[in-house]
Amino acid sequence: MIELRDVHKSYQMGKVEVKALDGVSLKVSSGEFVAVMGPSGSGKSTLMHILGLLDRPNSGSYFLGNRDVTKLSDEELAILRNRLIGFVFQQFHLLPRMTALENAQLPLIYAGNRHLKEKARQELEEVGLKERMFHKPNELSGGQQQRVAIARSIVNNPLIILADEPTGNLDSRSREEIIGILKRLNQKGKTVIVVTHEKEIAIHAKRIIQMRDGRLISDEERQAGACVIEQASLENAMVNETLTKLRHISGEKKFPDYARQAVFAMLSHKMRSLLSMLGILIGVAAVIAMLAVGHGARESINQQLSSLGSNLLLVRPGSSKLHGIALEAGTVTRFTFSDIEEINRLTDMVQSSYGMVSGRGQLVYGNKNWNTEVDGVGSAYVTMRAAEPVAGRFFTEQEVRSKEKVAVLGLTVVKQLFGDANPLGETIKINLINFKVIGILPEKGASAFHDQDDVVVIPLTTAMYRVFGKQYIDAIFIEAKSPELLDVAQKAVSRIIIKQHRLSKDEEDSFQIRNMADIRKTLESTTKTMSLLLGAIAAISLLVGGIGIMNIMLVSVTERTREIGLRKAVGASNKDIMAQFLIEAVLMAFLGGIAGILLGSGISILIAIFAGWNVKVSLSSVLLATAFSLVVGVVFGLWPAQKAAKLDPIEALRYE
Ligand code: ADP
């Protein structure tokens, strides 16, 4: 069944070449019980590693059945290790966080045979550990641990059992037991090859091979381990079938196990996992909260804009530039009532218009004080801004003309000055001047940066001459008859202003006319800049979070080097190891992301409640954050996972 032909294996130790195996040729038939003996350093372990497909010879060939396995890929070797070979090590190599049963089941996972779980239970009962199945290795004696390891080695029903000094770490009673178990397995037809120093084991072996300096020096057959011809052909078939059939065990079948392992690994280092998730958590939370605030702000702005109507033109003083050089403030066009009159004459294209001055005012009612925005406007404000009072009335054009001291209050102002009392008909002071409250404005809502209800509206003339002492109008709002007329109206208004103020070509930008499309565009570019900024912050925090995860994964790989070696020895392929660690990183990033989403949403809700801002957590931002944290997990988990997958099984097993 096994045939080595002139196998060489050497190690480079600095400049010296150590010949661990120096031309070993060996045939082992099925059903044999072989003891390999020899002084330390004679190459016994190296031989076992090559027989067990954990290592490849430098030269020579190794036939398992009729296949030269030195030519197989790593993937194929892993499959053969998993199905045909069972390992028993001197140090047991059980995974410490798993129970005896889970340890014994390990090879089944990589064979995609999890449904055969019962098999592990039977094997444990067979080696006399029925009562100890759910104990972890640190709760078991050395002998018991080695029995678990034996159960693990035979759970996939292999052809060959390789035991490297299985009793080296045990007391004499446990030693007897282990020898007994190995002997029984041999009687049941398993081929057993044992490396040992101990005569007692050798006594039970049917064949004893002595090694020295990498060579076989004697080969003593004590009982014939006959190889029946049919059996040999059966084994050939098995090797071939194993290779073709099992090459593609589907990944989904193994996924639940990987996920379990990942959860396991995380739970066993709770604090560490939590800390490494923190970066992602904070990043995602910040992104969610900021996007929510930004989204809310944009919505408020849009609402505000749509309440302004889409036919609106806004005329404002501009900064005058002479040959591209900005002149001092003051060289701007200032608007007067006659401008508005002229504009109102464009009856074929202008629906209505009003002038506006704006400033801050100190309001007093009784013993209450409130500082707010005071807007002086024309009476067309009420229709153009959809500001029909919810109680009382708006002022008329007549009242504007006669500079009446009447005020229409926003809801916030009402709340601040009057509480629940009725303000209509009351007298308040605005900058020490008495005003009569005649109406309450409809609620417009608050955005992230601006409370639109914190305002008092008074007649334009009153504001200019009595409250602020201004001679000029700050801005003129014009509503075109239809959106199609907006461009024509804009040009006509521009001509009027130029004519009215006798502006020369150079002074034409001493005023600005903007339509809603412009304003929308400006706002959009502002929000775009904001989104970019948020995006940059998100990217940086996710980067930092990702590095945190990578760091922990690297530590984890180093810490679990022996585990990786053991997993490879029982048949995990590079892909299996890679998948396990990658899933762990992704899971960590994903959980961090989910926690971040929850935290971010919580913060958004708090902002909405306490700051009164319009805040909205959108589904798209949640999906985006989830996707990003997954991507971070994959990107930053890849390197550690690759590092784990590339580990050499023997070096990994020896890692201290
Ligand atoms: P044994 O199991 O009989 O004690 P080994 O097979 O472990 O012997 O080792 C055989 C020889 O190869 C020893 O001289 C040992 O130092 C050397 N050797 C084994 N593994 C390595 C390695 N990874 N690097 C360098 N030398 C090694």
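The structure contained in this document is the topic of the report that follows. (Residues numbered from 1 in each chain as written. Predicted model: local features only at pLDDT ≥ 70, side-chain atom pairs only at ≥ 80, totals over all residues. Heavy atoms only, no water.)

When helices and strands are counted, the protein shows 21 helices and 22 strands. Against the compact-globule benchmark of 26 Å for 656 residues, the protein has a radius of gyration of 43 Å, which places it well outside the compact range. Principal-axis analysis of the C-alpha atoms gives the protein an extent of 130 × 55 × 45 Å. Of all 656 residues assigned to the protein, the portion counted as buried reaches 50%. Taking the contacts inside the protein whose residues are at least 6 apart along the sequence as the reference set, 76% of them involve residues at least 24 apart. Carbon and sulfur atoms provide 56% of the accessible area of the protein, an area that totals close to 30,700 Å². Each charge sign in the protein was given a centre, from 77 positive and 68 negative side chains, and these centres are 1 Å apart. (Helix = DSSP H or I, 4+ residues; strand = E, 2+ residues; numbered from the N terminus. Rg over C-alpha atoms; globule rule 2.2 N^0.38 Å. Buried < 20%, exposed > 50% of the residue type's maximum accessible area, 1.4 Å probe, protein only. Contact = heavy atoms within 4.5 Å. Areas by Shrake-Rupley, 256 points an atom, 1.4 Å probe, with all protein chains shown as cover. Lys, Arg positive; Asp, Glu negative; His and termini not counted. Charge placed at Lys NZ, Arg CZ, Asp CG, Glu CD.)

Take the sheet that holds strand β5 (residues 67-68) next. If you walk across this open sheet you meet the 4 strands as β2-β1-β4-β5, and the pairing is antiparallel. The sheet is open, and its two edges are formed by β2 (16-28) and β5, each paired on a single side. Pairing geometry for strand β1 (residues 2-13) and β2, over 10 bridges, is antiparallel. Bridge pairing in β2 links Met13 to Val16. Along the sheet face, helix α1 (residues 44-51) touches β1, β2 and β4 (59-64) and points at about 125° away from the line of β1. (Pairing = 2+ DSSP bridges. Axes fitted to C-alpha atoms, helices over the stretch in contact; angles between N-to-C directions.)

This part is about the packing of aromatic side chains. The final tally for this structure, using the stated rule, is 6 aromatic pairs. Taking the centre distance of 5.8 Å and the plane angle of 10° together, the rings of Tyr381 and Phe394 count as stacked. With Tyr381 in helix α12 (residues 381-384) and Phe394 in the loop between β16 (391-392) and α13 (397-401), this residue pair connects regions lying 13 residues apart in the sequence. A single burial state applies to Tyr381 and to Phe394, both of which are buried. Three or more aromatic residues joined by ring pairs form one cluster here, namely Tyr354, Tyr381, Phe394, Phe395 and Phe477. Against the face of Phe477 rests Arg385, its NZ or CZ located 5.7 Å from the ring centre. Over the face of the ring belonging to Phe468 we find Lys470, whose NZ or CZ atom lies 5.5 Å from the ring centre. (Phe/Tyr/Trp six-rings, centres within 6.5 Å; stacked < 30°, edge-to-face > 60°. Lys NZ or Arg CZ within 6 Å of the ring centre and 35° of its normal.)

To continue, consider the packing of helix α11 (residues 337-344) against helix α16 (residues 486-500). With their axes 10 Å apart at the nearest point, α11 and α16 run at an angle of 140° to one another. Taken together, the axes of α11 and α16 lie oblique to each other. Between α11 and α16 lies a crossing of right-handed hand. Of the residues in α16, those in contact with Ser338, Asp339, Glu342 and Ile343 of α11 are Val493, Ile496 and Gln500. The residue makeup of the contact of α11 with α16, split by class, is 3 nonpolar, 2 polar and 2 charged. (Parallel < 35°, antiparallel > 145°, perpendicular 65-115°, else oblique. Left-handed = near helix turned anticlockwise from the far one by under 90°. Nonpolar A, V, L, I, M, F, W, Y, C, P; charged D, E, K, R; others polar.)

Near the ligand you find 13 residues, and of these Gly41, Gly43, Lys44, Ser45 and Thr46 are the closest. Gly41 is positioned such that a nitrogen or oxygen atom in its backbone is 2.7 Å from an oxygen atom of the ligand. Residue Lys44 places a side-chain N or O atom 2.9 Å away from an oxygen atom belonging to the ligand. Considering the ligand on its own, with 560 Å² of exposed area, one finds that the protein chains cover 73% of that surface. Going through the elements one at a time, β1, β2 and α1 are the ones with two or more residues in the shell around the ligand. (Near = heavy atom within 4 Å. Polar contact = N/O pair within 3.5 Å; in protein donor to acceptor, adjacent residues only side chain to side chain.)

A few words now on the nonpolar core. Within the largest apolar cluster, 74 residues are counted, with the highest numbers of intra-cluster contacts made by Ile2, Tyr62, Leu64, Ile160 and Ile193. Considering each element in turn, this core owes the most residues, 8 residues, to helix α19 (residues 574-611). Residue contributions to this core reach at least three from each of two domains, namely domain 1 (2-249) and domain 2 (265-303 + 522-654). Apart from the residues within four sequence positions on either side, Tyr62 is in contact with Ile2, Glu3, Leu4, Ile50, Leu51, Leu53, Arg67, Asp68, Val69 and Thr70. Counting residues in hydrophobic clusters, the runner-up holds 66 residues, among them Leu305, Leu346, Tyr354 and Val377. (Core = buried A, V, L, I, M, F, W, Y, C linked by side-chain atoms within 4.5 Å. Domains from an automatic or database assignment.)

With that settled, the discussion passes to the side chain of Glu123. Turning to its location among the elements, Glu123 is positioned in helix α4 (residues 117-126). Note on Glu123: relative accessible area 11%, which makes it buried. Every residue in contact with Glu123, bar those within four places of it in the chain, is listed here: Ala151, Ile154 and Val155.

Within the secondary structure layout, Ser621 lies in helix α20 (residues 619-646). Considering only alpha carbons, one finds Ser621 and Ile549, 72 residues apart in sequence, at a separation of 22 Å. Excluding anything up to four places from it in sequence, Ser621 contacts Ile288 and Leu291.

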